[in-house]
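Read off the chains here:
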Amino acid sequence: MSGPDYGRSFAALRAACPDEWSAYTDHAFVRGLGDGTLPQASFLHYLVQDYVFLVHFARAWSLGVVKAETMAEMKTCARTVDALVNHEMALHVKTCAKAGIEETALFSAKEEVANLAYTRYVIDAGLQGDFLDLMVALAPCCFGYGEIGLRLVGAACNDTPYADWIATYADVDYQQVMVSFGDMLDAAVIRRLGADFKATPRWAQLQGRFTKATELEVGFWDMGLLGA
Ligand SMILES: Cc1ncc(C[n+]2csc(CCO)c2C)c(N)n1
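Predicted model, so just to flag it, every value in this text is computed and none were measured.

(A) Structural context of the overall build of the chain. Counting its secondary structure elements, the chain contains 11 helices and 0 strands. Secondary structure elements of the chain occur, N-terminal to C-terminal, as α-α-α-α-α-α-α-α-α-α-α. Taking 17 Å as the expected radius of gyration for a compact globule of 228 residues, we find that the chain reaches 17 Å, a close match to that expectation. Viewed in the frame of its principal axes, the chain has a C-alpha envelope of about 50 × 35 × 30 Å. Burial analysis of the chain (228 residues in total) assigns 39% to the buried set.

Laid out in structure tokens, this is it:
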């Protein structure tokens, strides 16, 4: 199964962990979003946890500003921090408010272990490693949701209550952001490892980080299902 074109590096990373990648992007939670069978309690539980997730993800992307080596890299990271903190989290706030959950409750929500494991893994990849270690740990989150959004918008039944969620990630603007991120990642990889990056020992390490972050996405969906 091939996915959208988000660049060479992502295509190589994804192709090297097909089982983990389908466990993530074709998870029961994702199917439930598409056909509308996901219980609302599971969705809300996920959304509250995802708010906390985005708080820590914004911290991880901020680390990208610290580790960037070019102006293009720094701009991508700075833009993403702004998008997360000032825009994407507003969607969570709005949806939860409709269900009677206030933003202060979101910020102080008890963080599930699967959630904590994922974001701290990513932050540690950035602290211990360099810009590439951080970017490949961040990549499954961004590209995976882009791929899920595109697939579901083509296949979703019309009356799923999760149409807004699907539309957010299938949106052309979001897809364009993923294409730009893919371009930036390709340039960052080639700058540091060369055009034949897949032949380098360093690539195997980066692949390990990408695969681990993908597994942690599976754990996040599992957590969402259990929360109902
Ligand atoms: C568990 C989890 N994984 C991925 C995303 C999607 N996401 C989070 S940050 C980001 C990129 C910056 O815009 C994207 C696409 C999510 N919300 N929650």
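(B) Seen up close, the site of the ligand. Within the structure, the ligand sits among Asp 50, Phe 53, Phe 57, Thr 80, Ala 83, Leu 84, Glu 88, Cys 141, Cys 142, Tyr 145, Glu 217 and Phe 220. Elements supplying a minimum of two residues to the shell around the ligand: helix H4 (40–67), helix H5 (71–98), helix H8 (131–155) and helix H11 (201–226). By residue number, the principal contributor to the shell around the ligand is H5, which donates 4 residues. Among the residues forming the shell around the ligand, the class breakdown is 8 nonpolar, 1 polar and 3 charged.

(C) Helix H7 (residues 113–128), seen in detail. The terminal C-alpha atoms of H7 lie 21 Å apart, and with 16 residues this matches the ideal 22 Å at 1.5 Å per residue to within 8%. Regarding H7, the residues found buried are Asn 115, Tyr 118, Thr 119, Val 122, Ala 125 and Gly 126. In an axial view of H7, the angular spread of the buried residues amounts to 115 degrees, which keeps them on one side of the axis. Facing away from the buried surface of H7 by more than 90 degrees, the exposed residues are Val 113 and Gln 128.

(D) Quick look at the nonpolar core. With 57 residues, the main nonpolar core has Met 135, Val 136, Leu 138, Ala 139, Cys 142 and Leu 185 as its most contacted residues. Among the elements that take part in this core, H8 stands out by supplying 14 residues, more than any other. Apart from residues lying up to four places away in sequence, Cys 142 is in contact with Met 178 and Phe 181.

(E) Looking closely at the packing of helix H1 (residues 8–15) against helix H10 (residues 172–193). Put simply, H1 and H10 touch, their axes get as near as 7 Å, and they point 85 degrees apart. Classified by the angle between their axes, H1 and H10 sit roughly perpendicular to one another. Mapping the contact onto sequence places Arg 8, Ser 9 and Phe 10 in H1 and Gly 182, Leu 185, Asp 186 and Val 189 in H10. Residues that form the contact of H1 with H10 fall into these classes: 3 nonpolar, 2 polar and 2 charged.

(F) Expanded view of the environment of Val 66. Relative to the elements of secondary structure, Val 66 occurs in helix H4. Placed 121 residues apart in sequence, Val 66 and Ala 187 show a C-alpha to C-alpha distance of 18 Å.

(G) Main features of the packing of helix H3 (residues 28–35) against H11. Running from amino to carboxyl end, H3 crosses H11 at an angle of 60 degrees, the nearest separation of the two axes being 8 Å. The orientation of H3 with respect to H11, classified from their angle, is oblique. Where H3 abuts H11, its residues Ala 28, Phe 29 and Val 30 lie against Trp 221, Gly 224 and Leu 225. Grouping the amino acids of the contact of H3 with H11 by side-chain chemistry returns 5 nonpolar, 1 polar and no charged.

(H) A look at H11. In this model H11 runs 38 Å from its N-terminal to its C-terminal C-alpha over 26 residues, within 8% of the 38 Å that 1.5 Å per residue would give. Listed as buried for H11 are Trp 203, Leu 206, Arg 209, Phe 210, Ala 213, Thr 214, Leu 216, Glu 217, Phe 220, Trp 221, Met 223 and Gly 224.

(I) Up close: the confidence of the model for the chain. Of the residues in the chain, 98% reach a pLDDT of 70 or more, and the chain-wide mean stands at 95. Two numbers describe this predicted complex: its pTM, 0.96, and its ipTM, 0.96.

(J) Representation of the environment of Leu 152 in the model. With respect to the element layout, Leu 152 can be found in helix H8. When the C-alpha atoms of Leu 152 and His 45 are compared, they prove to be 21 Å apart, with 107 residues separating the residues in sequence.

Criteria and thresholds
Residues numbered from 1 in each chain as written. Predicted model: local features only at pLDDT ≥ 70, side-chain atom pairs only at ≥ 80, totals over all residues. Helix = DSSP H or I, 4+ residues; strand = E, 2+ residues; numbered from the N terminus. Rg over C-alpha atoms; globule rule 2.2 N^0.38 Å. Buried ≥ 20, exposed ≤ 12 C-beta atoms within 10 Å, placed from the backbone. Near = placed C-beta within 6 Å. Nonpolar A, V, L, I, M, F, W, Y, C, P; charged D, E, K, R; others polar. Expected span 1.5 Å × (residues − 1). Arc of directions from axis to C-beta. Core = buried A, V, L, I, M, F, W, Y, C linked by C-beta atoms within 7 Å. Contact = placed C-beta atoms within 7 Å. Axes fitted to C-alpha atoms, helices over the stretch in contact; angles between N-to-C directions. Parallel < 35°, antiparallel > 145°, perpendicular 65-115°, else oblique. pLDDT = per-residue confidence, 0-100.

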